[in-house]
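# Close look at the chain arrangement
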Amino acid sequence: MVQTGCEIGVLRLGHRIFRDKRVTMHAFLVSRAFGATSFIVHGDRDSKLEEKAKRVIKDWGGRISIGYSEDWLKTVEDWRSRGSLIVHLTMYGMPVENVIESIRVTSRLLVIIGGRKVPREAYDVSDYNVAVTNQPHSEIAALAMFLDRFFKGQELYMQHEKARVFVVPSPKGKVICRNLFYKEEKKVGRG
Ligand code: SAM
């Protein structure tokens, strides 16, 4: 199982409301599904994105929070002062397979992901600049791979607390269950 008490923050740098809304939302969805406990957006403040993320948490459960950072360096320092290791995902970093064991010793971790050009300081303030292959791809893929390596695949068995809806795995079709314990029901789309 995913270590309970493990605090994993994902800091998304330089969000732009119009260009990045889908990518940032997907980075949030991956963070939640793969075991992160907070998702922090830096860049444009995007109340619609925050609302959408909160709705996902309300329906699908989980203990992840969503926040905003006006000053990402301050956010990094806050996490560091509380004993966090800082990891920056970048194609220029050290291969994940070479450094993940040293990173895995921590139970508090802030993972920085970029978008548009990442400021030089991100490389300097990070304890580890980590590459998921040294090829260019995407922050969503890099984050998913990194979290999976961090948790050694155990996040696949994670139960998301207080879920109102959940999927019953099915070889064909879509089966969704609703937790009747919760009175305020929400309709889940067929997406
Ligand atoms: N030149 C960027 C870099 O440093 O990785 C690629 C920009 S990419 C559009 C946006 C973000 O995806 C990067 O800031 C980084 O967080 C992530 N990313 C892309 N490729 C990666 C890789 N191979 N390993 C780790 N992270 C990667």
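Preceding this paragraph is the structure being described.
Residues numbered from 1 in each chain as written. Predicted model: local features only at pLDDT ≥ 70, side-chain atom pairs only at ≥ 80, totals over all residues. Heavy atoms only, no water.

### A closer look at the side chain of S69
Looking at the secondary structure, you find S69 in strand 3 (residues 65-69). On the basis of relative accessible area, S69 is assigned to the buried category, the value being 2%. A polar contact is formed between the side chain of S69 and the backbone nitrogen of W72, at a distance of 3.4 Å. Every residue in contact with S69, bar those within four places of it in the chain, is listed here: L11, I40, V41, H42, G43 and T75. (Helix = DSSP H or I, 4+ residues; strand = E, 2+ residues; numbered from the N terminus. Buried < 20%, exposed > 50% of the residue type's maximum accessible area, 1.4 Å probe, protein only. Polar contact = N/O pair within 3.5 Å; in protein donor to acceptor, adjacent residues only side chain to side chain. Contact = heavy atoms within 4.5 Å.)

### Observations concerning helix 6 (residues 139-150)
In this model helix 6 runs 16 Å from its N-terminal to its C-terminal C-alpha over twelve residues, within 8% of the 16 Å that 1.5 Å per residue would give. Among the residues of helix 6, E139, A142, L143, A144, F146, L147 and F150 are the ones counted as buried. On its buried face, helix 6 sits against strand 1 (7-15), helix 1 (17-33), strand 4 (85-95), helix 4 (96-103), strand 5 (108-113) and strand 6 (128-131). For helix 6, the N-terminal capping position is held by S138, with its side-chain oxygen 3.0 Å away from the main-chain nitrogen of I140. (Expected span 1.5 Å × (residues − 1).)

### Some remarks on the packing of aromatic side chains
All chains considered together, the criterion is met by three aromatic pairs. When the centroid spacing of 5.7 Å and the interplanar angle of 75° are considered together, the rings of F28 and F39 count as edge-to-face. Of this pair, F28 sits in helix 1 while F39 is found in strand 2 (residues 38-43), placing the two residues eleven residues apart along the sequence. Note on F28: relative accessible area 0%, which makes it buried. Between F146 and F150 the ring centres are 6.4 Å apart and the planes differ by 25°, which places this aromatic pair in the stacked class. Of the two residues, F146 and F150 are both situated in helix 6; the distance of four residues between them amounts to about one turn of the helix. (Phe/Tyr/Trp six-rings, centres within 6.5 Å; stacked < 30°, edge-to-face > 60°.)

### Here's the deal with the packing of helix 1 against helix 6
Look at helix 1 against helix 6: their axes get within 9 Å of each other, and the N-to-C directions meet at 10°. On the basis of the axis angle, helix 1 is roughly parallel to helix 6. From helix 1, V23, H26, A27, V30 and S31 reach across to helix 6, where they touch E139, I140, L143, A144 and L147. By residue class, the composition of the contact of helix 1 with helix 6 is seven nonpolar, two polar and one charged. (Axes fitted to C-alpha atoms, helices over the stretch in contact; angles between N-to-C directions. Parallel < 35°, antiparallel > 145°, perpendicular 65-115°, else oblique. Nonpolar A, V, L, I, M, F, W, Y, C, P; charged D, E, K, R; others polar.)

### Some details on the site of the ligand
Around the ligand there are 18 residues in total, and L89, T90, V132, T133 and Q135 lie nearest to it. E139 is positioned with one of its backbone polar atoms (N or O) 3.1 Å from an oxygen atom of the ligand. Calculation on the ligand without its partners gives an accessible area of 530 Å², and the protein chains cover 84% of this total. Of all elements in the fold, only strand 4, strand 6 and helix 6 reach the threshold of two or more residues within the shell around the ligand. Looking at the shell around the ligand element by element, the count peaks at four residues for strand 4. By residue class, the composition of the shell around the ligand is ten nonpolar, seven polar and one charged. (Near = heavy atom within 4 Å. Areas by Shrake-Rupley, 256 points an atom, 1.4 Å probe, with all protein chains shown as cover.)

### Regarding the pairing of strand 2
Strand residues, when the strand is regular, have side chains that alternate between the two faces of the sheet. Counting buried positions over the six residues of strand 2 gives six, a clear majority of the element. Residues S38, I40 and H42 of strand 2 are buried on one face, and the alternating residues F39, V41 and G43, pointing to the opposite face, are buried as well. Sheet topology places strand 1 next to strand 2; five bridges connect them, and they run parallel. Considered in strand 2, the bridge of R12 is made with V41. Regarding topology, helix 1 serves as the crossover connection from strand 1 to the parallel strand 2, and that connection is right-handed. Bridge analysis of strand 2 against strand 3 gives five bridges, and the strand direction is parallel. Following the sheet pairing, S38 is matched in strand 3 by S65. Chirality of the crossover, the property in question, places the unit of strand 2, helix 2 (residues 47-60) and strand 3 among those that are right-handed. (Pairing = 2+ DSSP bridges. Right-handed = clockwise from strand over helix to strand, strands pointing away.)

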